[in-house]
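Here is how the chains run, residue by residue.
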Amino acid sequence: MAVFVDTGAWFAYFVRRDPDHATAIAWIRRNRQPLVTTDYIIDELLTLLKIRESHPVAAAAGEALLQHNVARVERVTEADFRVAWEVFRDYRDKGWSFTDCTSKAIMERLGITHAFAFDTDFEEFGTIVRVP
């Protein structure tokens, strides 16, 4: 069973001053399941880190994720994009970002049912269990 990792979880992992940093570090250290994230998550994370922290912090996180095989990076396909668009368009009552919708599409395609996340968006999908 793989675990999907969301932007907020990565942010907490890489940013010491984040209130969830200790929890993120502890969960990553004890986790034994393969981790999966997406190119959209990495895009969102690196942008957020550059804006809220600094370019060196963002670059170090990018190196860790892209060069050290911390997680498998799944690319959003054209089919994933179309599914995400339908979800984004049809669930206007939800606060899901388009990136959240691409995550939902990829998790469904890969059969992933667990997400390492600190927000409740994944639980709102109705098919995902949020960890830790």
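Refer to the structure above for everything that follows.
Calculation criteria
Residues numbered from 1 in each chain as written. Predicted model: local features only at pLDDT ≥ 70, side-chain atom pairs only at ≥ 80, totals over all residues. Heavy atoms only, no water. Helix = DSSP H or I, 4+ residues; strand = E, 2+ residues; numbered from the N terminus. Expected span 1.5 Å × (residues − 1). Buried < 20%, exposed > 50% of the residue type's maximum accessible area, 1.4 Å probe, protein only. Pairing = 2+ DSSP bridges. Axes fitted to C-alpha atoms, helices over the stretch in contact; angles between N-to-C directions. Salt bridge = Lys/Arg side-chain N within 4 Å of Asp/Glu carboxyl O. Contact = heavy atoms within 4.5 Å. Phe/Tyr/Trp six-rings, centres within 6.5 Å; stacked < 30°, edge-to-face > 60°. Lys NZ or Arg CZ within 6 Å of the ring centre and 35° of its normal. Parallel < 35°, antiparallel > 145°, perpendicular 65-115°, else oblique. Left-handed = near helix turned anticlockwise from the far one by under 90°. Nonpolar A, V, L, I, M, F, W, Y, C, P; charged D, E, K, R; others polar.

A. Fine view of helix H6 (residues 98-110). Across its 13 residues, H6 extends 18 Å between first and last C-alpha, which sits within 8% of the 18 Å expected from 1.5 Å per residue. Of the residues making up H6, those classed as buried are Thr-99, Asp-100, Cys-101, Thr-102, Ser-103, Lys-104, Ala-105, Ile-106 and Met-107.

B. A look at the sheet that holds strand S1 (residues 3-5). Spatially, the five strands line up as an open sheet ordered S3-S2-S1-S4-S5, and their pairing is parallel. Where the open sheet ends on each side, the last strands, each with one partner, are strand S3 (72-74) and strand S5 (129-131). Each strand of the sheet is rotated relative to its neighbour by a mean of 35°, with strand direction disregarded. Summarising the sheet, strand S4 (residues 114-116) and S5 pair through three bridges and their orientation is parallel.

C. Quick look at the pattern of salt bridges. Scanning all chains against the criterion turns up eight salt bridges. With a closest N to O distance of 3.0 Å, Arg-72 and Glu-74 form a salt bridge. Accessibility expressed as a relative area gives 44% for Arg-72, which makes it partly exposed. Between Glu-78 and Arg-82 there is a salt bridge; the shortest N-O distance is 3.1 Å. With Glu-78 and Arg-82 both in helix H5 (residues 78-90) and four residues apart, this pair spans about one turn of that helix. Take Arg-82: its relative accessible area is 46%, and that puts it in the partly exposed class.

D. Expanded view of the side chain of Ser-103. Checked against the element boundaries, Ser-103 lands in helix H6. Residue Ser-103 is classed as buried on the basis of its relative accessible area, which comes to 0%. If we ignore the near neighbours within four places in the chain, the residues touching Ser-103 are Phe-4, Ile-41 and Phe-122.

E. Local environment of the packing of aromatic side chains. Tallied over the full model, the rule gives twelve aromatic pairs. On the numbers, 5.9 Å between centres and 45° between planes, the contact of Phe-4 with Phe-122 is tilted. Of the two residues, Phe-4 sits in strand S1 while Phe-122 sits in helix H7 (residues 121-124), which places them 118 residues apart along the sequence. Phe-122 matches Phe-4 in its accessibility class, with the two residues each being buried. Within the aromatic cluster, the residues linked to one another by ring pairs are Phe-4, Tyr-91, Trp-96, Phe-122 and Phe-125. Here the basic side chain of Arg-52 rests over the ring of Phe-11, its NZ or CZ set 5.9 Å away from the ring centre. For Lys-104, the ring lying beneath its charged end belongs to Phe-125, and the centroid distance is 5.6 Å.

F. Representation of the packing of helix H3 (residues 39-52) against helix H4 (residues 55-67) within the structure. Look at H3 against H4: their axes get within 7 Å of each other, and the N-to-C directions meet at 155°. Between H3 and H4, the angle falls in the class roughly antiparallel. The two elements H3 and H4 cross, and the hand of that crossing is right-handed. Counting all contacts with H3, which are made through Ile-42, Leu-45, Leu-46, Leu-49 and Lys-50, the residues of H4 involved are His-55, Val-57, Ala-58, Ala-61, Gly-62, Leu-65 and Leu-66. Here the residues of the contact of H3 with H4 are counted per class, giving nine nonpolar, two polar and one charged.

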